[in-house]
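Chain residues, written in single-letter form:
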Amino acid sequence: MKTGLWPRVKSGAGWGLFLGICDYVAAWSVTNDISAWAVRAIVLVQTLMGAAIGAEKWSASWWVKGLVFGLGFNIPLAAGLALLGGAWGRSLAPWVPLTGAAIGLFTEWVINRSRP
């Protein structure tokens, strides 16, 4: 049974949304002084990353794609948080790419398992 593009994009975005909320909770455990715009940025970036993972057609291994997407979306997020977030943003800067890479790996693994 062949799966279309739209179900994969919805699944990836759903996983990205869920894991983005989990990423915010993990960030909140490091510092509980996160602004509302940073919470929205973290969740939005993870949701967009999940949708991009669902839409991609790259033929690399799932773990390579997961790492590339995870780091590619989350290194700029960490830089933005560090520049705009003050002390709490700098404290999150090393953790956001790591959690983003883990989210990218997990999302790609789930999406890859659902492909025919």
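Everything that follows concerns the structure shown earlier in this document.
Remember, predicted model here, so these are calculated numbers, not experimental data.

Novice: Can you break down the overall build of the protein chain residue by residue, with the values?
Specialist: A count of helical and extended segments in the protein chain gives five helices and zero strands. Taken over C-alpha atoms, the radius of gyration comes to 14 Å for the protein chain, in line with the 13 Å a tight globule of 116 residues would show. For the protein chain, the C-alpha atoms occupy an extent of roughly 50 × 20 × 20 Å along the three principal directions. Put simply, the protein chain has 116 residues, and 41% of those count as buried. Within the protein chain, contacts between residues at least 6 apart in sequence are counted, and of these 73% link residues at least 24 apart.

Novice: Describe in detail the environment of Leu77, supporting the description with residues and values.
Specialist: Within the element layout of this structure, Leu77 appears in helix H3 (residues 62-84). A relative accessible area of 9% means that Leu77 is categorised as buried. Taking C-alpha positions, Leu77 is 9.4 Å from Ala38, a pair spaced 39 residues apart along the chain. Ignoring sequence-local partners within four residues, the contact set of Leu77 consists of Ala41, Ile42, Val45 and Val96.

Novice: Residues and numbers for the side chain of Glu56, please.
Specialist: With respect to the element layout, Glu56 can be found in the loop between helix H2 (36-55) and H3. From its side chain, Glu56 meets the backbone nitrogen of Trp58 in a polar contact 2.8 Å long.

The rules behind these values
- Residues numbered from 1 in each chain as written.
- Predicted model: local features only at pLDDT ≥ 70, side-chain atom pairs only at ≥ 80, totals over all residues.
- Heavy atoms only, no water.
- Helix = DSSP H or I, 4+ residues; strand = E, 2+ residues; numbered from the N terminus.
- Rg over C-alpha atoms; globule rule 2.2 N^0.38 Å.
- Buried < 20%, exposed > 50% of the residue type's maximum accessible area, 1.4 Å probe, protein only.
- Contact = heavy atoms within 4.5 Å.
- Polar contact = N/O pair within 3.5 Å; in protein donor to acceptor, adjacent residues only side chain to side chain.

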